[in-house]
Amino acid sequence: MSSYPNLRLRRTRASAWSRALYRETVLTPADLIWPVFVTEGQGVTEEIGSLPGVSRGSVDVIAARAKEAVALGIPCLALFPNTPGHLRDEDGSEAHNPDNLMCRAIRAIKDACGEDIGVLTDVALDPYTSHGQDGLLDEAGYVVNDATVDALVQQALNQASAGADIVAPSDMMDGRIAAIREGLEETGHANVQLMAYAAKYASAFYGPFRDAVGSGGLLKGDKKTYQMDPANAEEALREVELDLAEGADSVMVKPGLPYLDIVRRVKEMFQVPVFAYQVSGEYAMIEAAAAAGAGDRDALVLETLTAFKRAGASGVLTYHAPLAAKLLG
Ligand code: PBG
């Protein structure tokens with residue numbers, strides 16, 4: 001028996017005030033983490049061809065962006081360095097330099113903004129290696145796990161010493177969360193958070209990012225021996241379970257939109273803070289659609305970001321963060 005006309009779901013949609021009243025999901029600037037790319041120099045901005053509208057910035061420019069983020073109500077910046085070519089080597093040793101680009105950017109942001117903004121740092125060796133892989137290679141070119149974990153611990157401690165608030169390992173090595181947590185505890189960094197890239201897939205959506213950090217041209221092969229198979233969901237839940245058991249404060253799913261089912265399942269199963277990374281290729285797709293007249297940029301941005309929250313994300317890493325914050329502000 002139909003309940004129509006007693007039940008008309010269009011009734012609550014009929015006016016803007018009513019839609020506002022019944023809205024289930026609210027997106028705010030406080031849900032956003034803004035990833036930025038750091039480069040050498042002073043007063044430098046460099047366009048990134050495959051990421052239209054996103055530019056690398058020198059340390060001083062990044063500090064200014066941090067101030068902009070504070071003004072827009074964005075609570076956190078994620079830093080990625082474009083290491084000069086001559087400083088890249090087989091082992092990514094520049095990752096351990098206390099004065100590397102990453103550490104200088106952390107200090108500049110903290111000097112400019114203090115506690116007004118959080119600084120999230122990427123823990124992985126790919127911006128520092130001459131081969132573009134996230135870890136150390138054996139003779140066969142395989143990324144070795146345990147020696148890489150040791151290097152990641154040193155990298156994370158270097159970032160924590162420079163003032164990082166959240167260290168975020170994006171490397172997908174086994175056991176790195178426990179090792180980094182232990183290292184942080186032992187060195188007086190008990191309050192530094194760990195956001196685990198827990199379910200990170202071997203995705204075709206990372207291309208523009210690799211251009212941005214200058215690793216794309218160096219990378220031979222792929223990252224499928226450590227990043228996950230896009231076909232797998234149960235494995236993502238196991239990754240999350242392990243990272244939580246090892247001491248992660250929050251977990252991330254990456255890429256974003258094609259993996260909203262994973263966000264949802266992680267949230268329902270573990271009831272912990274889950275973040276999603278709307279990655280570079282997703283940003284580029286929206287920009288390409290807007291440029292082609294296939295969609296309205298602002299509407300696409302707000303709809304996709306709202307979808308992350310509806311799926312259960314606590315927040316989203318997105319290159320559209322400043323635009324979205326302006327639209328929401
Ligand atoms: C590497 C890293 C990648 C991204 C963040 N950290 C690329 C990769 O795994 O090759 C991708 C982010 C993006 O595409 O926006 N550790």
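Residues numbered from 1 in each chain as written. Predicted model: local features only at pLDDT ≥ 70, side-chain atom pairs only at ≥ 80, totals over all residues.

An unreviewed UniProt entry annotates the protein chain as Delta-aminolevulinic acid dehydratase of Croceicoccus marinus. In the Catalytic activity (unreviewed entry) part of its UniProt record, the protein chain is described as follows: "2 5-aminolevulinate = porphobilinogen + 2 H2O + H(+)". The annotation that UniProt attaches to the protein chain under Pathway (unreviewed entry) is "Porphyrin-containing compound metabolism; protoporphyrin-IX biosynthesis; coproporphyrinogen-III from 5-aminolevulinate: step 1/4." (UniProt positions renumbered as here; feature names shortened; annotations may be inferred.)

Colleague: Whenever I open this one, the packing of helix 4 (residues 145-162) against helix 5 (residues 176-186) confuses me. Can you help?
Modeller: In a packed pair of helices, the relevant descriptors are the angle between the two axes and the axis-to-axis distance. The interhelical angle for the contact between helix 4 and helix 5, taken along N-to-C directions, is 40°, at an axis separation of 9 Å. Viewed along their axes, helix 4 and helix 5 adopt a mutual orientation that is oblique. Helix 5 is crossed by helix 4, and the crossing has right-handed handedness. Side by side, helix 4 and helix 5 meet where Val-149, Leu-152, Val-153, Ala-156, Leu-157 and Ala-160 of the first sit next to Arg-176, Ala-179, Ile-180, Gly-183 and Leu-184 of the second. Partitioning the contact of helix 4 with helix 5 into residue classes produces nine nonpolar, one polar and one charged. (Axes fitted to C-alpha atoms, helices over the stretch in contact; angles between N-to-C directions. Helix = DSSP H or I, 4+ residues; strand = E, 2+ residues; numbered from the N terminus. Parallel < 35°, antiparallel > 145°, perpendicular 65-115°, else oblique. Left-handed = near helix turned anticlockwise from the far one by under 90°. Contact = placed C-beta atoms within 7 Å. Nonpolar A, V, L, I, M, F, W, Y, C, P; charged D, E, K, R; others polar.)

Colleague: What am I meant to see in the pairing of strand 7 (residues 193-200) here?
Modeller: A regular strand places its side chains so that they alternate between the two faces of the sheet. The buried fraction of strand 7 amounts to seven of the eight residues, a majority that puts the element mostly inside the structure. In the classification by handedness, the crossover that spans strand 6 (residues 166-169), the intervening helix 5 and the parallel strand 7 is right-handed. In terms of strand pairing, strand 7 meets strand 8 (residues 250-254) through five bridges, oriented parallel. Looking at the pairing, Met-195 lines up with Ser-250 of strand 8. (Buried ≥ 20, exposed ≤ 12 C-beta atoms within 10 Å, placed from the backbone. Right-handed = clockwise from strand over helix to strand, strands pointing away. Pairing = 2+ DSSP bridges.)

Colleague: Sorry, what's going on with the environment of Ala-66 here?
Modeller: Mapped onto the secondary structure, Ala-66 falls in helix 2 (residues 59-72). For Ala-66, a count of 26 C-beta atoms within 10 Å translates into the label buried. For the pair formed by Ala-66 and Cys-113, sequence separation is 47 residues and the distance between their alpha carbons is 7.1 Å. Excluding anything up to four places from it in sequence, Ala-66 contacts Leu-77, Ile-109, Ala-112, Cys-113 and Ile-117.

Colleague: Help me understand the UniProt feature "binding site: Mg(2+)" (unreviewed entry) in the protein chain, please; the structure alone is not making it clear to me.
Modeller: Taking the UniProt record as the reference, the feature "binding site: Mg(2+)" (unreviewed entry) is found at Glu-239. As for its placement among the helices and strands, Glu-239 is situated in helix 7 (residues 234-245). Look at Glu-239 and you get buried, because 23 C-beta atoms sit within 10 Å. Among residues more than four places away in sequence, those in contact with Glu-239 are Ala-198 and Ala-199.

Colleague: Before we go on, may I ask you to explain the site of the ligand in this structure?
Modeller: Looking at the ligand, the residues that line it are Asp-122, Ala-124, Asp-126, Asp-134, Ser-170, Tyr-206, Phe-209, Arg-210, Lys-223, Val-279 and Ser-280. Taken together, the residues that form the shell around the ligand break down as four nonpolar, two polar and five charged. (Near = placed C-beta within 6 Å.)

Colleague: Is there a simple way to explain the confidence of the model for the protein chain in this structure?
Modeller: When pLDDT is averaged across the protein chain, the result is 97; 100% of the residues are at 70 or more. Quick note on the complex model: pTM equals 0.97, ipTM equals 0.98. (pLDDT = per-residue confidence, 0-100.)

Colleague: Would you mind showing me how to read the UniProt feature "active site" (unreviewed entry) in the protein chain here?
Modeller: Look at the UniProt record and you will see "active site" (unreviewed entry) annotated at Lys-200 and Lys-254. For the residues just named, distributed over 55 residues, the greatest C-alpha separation is only 4.9 Å, placing them together at one site. Examined against the element boundaries, Lys-200 turns out to sit in strand 7. Residue class for Lys-200 comes out buried when judged on the 27 C-beta atoms lying within 10 Å of it. Excluding its chain neighbours within four sequence positions, the residues that come into contact with Lys-200 are Ser-170, Met-172, Gln-227, Met-228 and Lys-254. Residue class for Lys-254 comes out buried when judged on the 23 C-beta atoms lying within 10 Å of it. Aside from chain neighbours lying at most four places away, what touches Lys-254 is Tyr-197, Lys-200, Tyr-201, Tyr-277 and Val-279.

Colleague: Could you clarify how one ought to interpret the nonpolar core in this entry?
Modeller: Nonpolar side chains tend to gather and get buried jointly when the protein is soluble and globular. If you look at the biggest cluster of nonpolar residues, it comprises 97 residues, and the most contacted ones within it are Val-38, Ile-62, Leu-77, Leu-79, Ala-105, Met-252 and Val-263. What Met-252 contacts, discounting residues up to four positions off in sequence, is Met-195, Ala-196, Tyr-197, Ala-198, Phe-275, Ala-276 and Tyr-277. (Core = buried A, V, L, I, M, F, W, Y, C linked by C-beta atoms within 7 Å.)

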